[in-house]
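Inside the fold
The chain contents come next:
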Amino acid sequence: MSDELLSIPAAGRTHDEVLADVEAARHDDADWQGGRTFSLVYYAGPEHTAFLKKAHNALFSENGLNPLAFQSLRRFEAEVVRMTATMLNGDADVAGTMTSGGSESIMMAVKTYRTWARATGRGGGVPNIVASVTVHPAFDKACNYFDVELRKAPTVASGEVDVEALKALADENTIAAVVSAPNYPNGVIDDVTAVGAWAASREIGCHVDGCLGGFILPWVEALGHDIRPFDFRVEGVTSMSADVHKYGFAAKGASVILYKDADLRRHQFFAATGWPGGIYVSPTAAGTRPGGSIAAAWAAMQAMGRDGYLEIARKSMAAAERFRADINAVEGLAIVGEPKATVHSWESTSDDLDVYAVADALEAKGWHLNRQIRPSSVHAIVGPRHLDLVDDFRDDLTAAADEVRGDPSKSTQGQAAMYGLMAAVPEGDEAETEAFVKQILDGLYIV
Ligand SMILES: *Cc1c(COP(=O)(O)O)cnc(C)c1O
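Let me sum up the structure you'll find in this document. Quick caveat, the model's predicted, so the values are computed rather than measured.

Moving on: the site of the ligand. All residues adjacent to the ligand are Gly-101, Gly-102, Ser-103, Ile-106, His-136, Tyr-184, Asp-209, Cys-211, Leu-212, Asp-243, His-245 and Lys-246. The separation between an oxygen atom of the ligand and a polar main-chain atom of Gly-102 is 2.9 Å. Note that a nitrogen atom of the ligand is positioned 2.7 Å from one of the side-chain N or O atoms of Asp-209. Here the ligand has 380 Å² of accessible area as a free molecule, and 85% of this is covered by the chains. Across the shell around the ligand, the residue classes tally to four nonpolar, five polar and three charged.

For the pair helix 3 (residues 71-87) and helix 10 (residues 291-329), the least separation of the axes is 9 Å and the interaxial angle reads 45 degrees. Of the possible angle classes, the one that applies to helix 3 and helix 10 is oblique. Between helix 3 and helix 10 lies a crossing of left-handed hand. Note on element contacts: helix 10 touches helix 3 through Gly-291, Ile-294, Ala-295, Ala-297, Trp-298, Met-301 and Gln-302, opposite Leu-73, Arg-75, Phe-76, Glu-77, Glu-79, Val-80, Met-83 and Thr-84.

With that settled, consider the packing of helix 4 (residues 102-119) against helix 5 (residues 137-146). Contact geometry of helix 4 with helix 5 gives a least axis separation of 9 Å together with a crossing angle of 45 degrees. The orientation of helix 4 with respect to helix 5, classified from their angle, is oblique. Handedness of the crossing formed by helix 4 with helix 5: right-handed. Each of Ser-103, Ile-106, Met-107, Val-110, Lys-111 and Arg-114 in helix 4 lies in contact with helix 5, whose residues at this interface are Ala-138, Phe-139, Lys-141, Ala-142, Cys-143, Tyr-145 and Phe-146. A breakdown of the residues in the contact of helix 4 with helix 5 according to their chemical character gives nine nonpolar, one polar and three charged.

What follows deals with a nonpolar patch on the surface. Taken together, the side chains of Met-418, Phe-436, Val-437, Ile-440, Leu-441, Leu-444 and Tyr-445 define a hydrophobic patch exposed on the protein surface, amounting to about 710 Å² of accessible area. Examining the composition of the nonpolar patch, we find that five residues originate from one element, helix 14 (residues 431-444), more than from any other. Among the structural elements, Tyr-445 can be located in the segment after helix 14.

Because the α-helix completes a turn every 3.6 residues, residues three or four places apart line up on one side. Every buried residue of helix 13 (residues 414-424) is listed here: Ala-416, Tyr-419 and Met-422. All buried residues of helix 13 fall inside an arc of 130 degrees around its axis, so they share one side. Across helix 13 from its buried face, at more than 90 degrees, point the exposed residues Leu-421 and Ala-424. Residues of helix 13 that are buried make contact with helix 11 (355-364), strand 12 (370-372) and helix 14.

Its volume calculated, the largest pocket comes out at about 1,900 Å³. Taken together, 41 residues form the lining of the largest pocket, with Pro-137, Asp-140, Lys-152, Ile-373 and Arg-374 sitting closest to its centre. When residues of the lining of the largest pocket are assigned to their parent elements, the largest contribution, six residues, is made by helix 5.

The rules we used
Residues numbered from 1 in each chain as written. Predicted model: local features only at pLDDT ≥ 70, side-chain atom pairs only at ≥ 80, totals over all residues. Heavy atoms only, no water. Near = heavy atom within 4 Å. Polar contact = N/O pair within 3.5 Å; in protein donor to acceptor, adjacent residues only side chain to side chain. Areas by Shrake-Rupley, 256 points an atom, 1.4 Å probe, with all protein chains shown as cover. Nonpolar A, V, L, I, M, F, W, Y, C, P; charged D, E, K, R; others polar. Axes fitted to C-alpha atoms, helices over the stretch in contact; angles between N-to-C directions. Helix = DSSP H or I, 4+ residues; strand = E, 2+ residues; numbered from the N terminus. Parallel < 35°, antiparallel > 145°, perpendicular 65-115°, else oblique. Left-handed = near helix turned anticlockwise from the far one by under 90°. Contact = heavy atoms within 4.5 Å. Patch = residues over 30% accessible without salt bridge, like charges linked within 9 Å, V, L, I, M, F, W, Y side chains within 5 Å. Salt bridge = Lys/Arg side-chain N within 4 Å of Asp/Glu carboxyl O. Buried < 20%, exposed > 50% of the residue type's maximum accessible area, 1.4 Å probe, protein only. Arc of directions from axis to C-beta. 1 Å grid on protein atoms, 1.4 Å probe; cavity = no way out; pocket = protein on both sides within 12 Å on 5 of 7 lines; lining within 4 Å. Points joined across faces, edges and corners; volume = space filled by probe spheres on them.

Here it is as structure tokens:
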């Protein structure tokens, strides 16, 4: 370790010099513009991106913490919430807020149900929420932060939650059920109708995690694809999260959390009335809220329009269906469960084909892929720009599978070796993995 710790430069540097450093630092970043990535960046093309930046810039300095000072942001947020509610078939009572992203929306939902349960004197013990094993880890995180127990039910073969198993997890301290539309790991939509009806009969909450699907399922459904009911049309659904910064193609830092009515939403709000700094009231977890992401979310929805989103859904579905057919056509590879929209994962069905080694071989050909465990699989979030790459993917995938079949040692090299180890850790025995990955996080902060 150097005895001189990094500090702010004594003399400020020129803008040109600093910006040149910023550009140079990006050199080894994932090339999302080429389209060979399947997550992290949702890209609708250079024109849309340039447009988003302008809208973002227009309210770059403004702060959504006090919408009374910035009527523009008050209006944009209210309209984004309302447009999202309408898209998800919410009636006039549906009420919500914007947040910085899916995780914050989910934290707010968990906190809201906990606060609601306390206010209405439900249960006496530790509150719990029931969900599928496939539920996004933002729920584990939110429950961890807010001292709520998260109980998880297994899935059935299609990949959706086992509804009877989920019901069996509930007791008098259960405050809500969570279903996903679709879930992240395999892109399958849970049986929202069954869980919603059951939640209504118990008078508990039913949250639909539409972070991923909220801005694409309505359009995929409108195109005539077989999408089961997933939104406020379903009886018993009391809240939904939908990320504008995913398939809404907004700038990052934009999600919407919706509740069946303003009474439920009020349990999300926080007010400190005795502070010497004045009366402080805040709708979400964040204090300062960047105006740029609110403005860009509004701008994205206005510029896309229903026709723009339909076109995105059409292209994304066409690409996803091609990918799935091509993956299933490779001997020894198969799509996991029954995804119906634009997200899926694929696994190996053959002992001589290590799926992680296939991923490594694809990565060597320039594709960035997410590996998953339980089952060992590779994940893809498909977007409109993938449609131009389906032939390349089929060729590279076929070649990658052949390479791995011809060389079994590939499964003990590269990332395949590490993922193979992680996948082998027995369920409930993850303490070591947890310690290991947290150590990796520590390492990331070394300058
Ligand atoms: C992305 C995602 C989240 C979390 O959203 P962030 O914006 O990453 O915080 C939650 N649920 C699902 C299904 C998601 O895909």
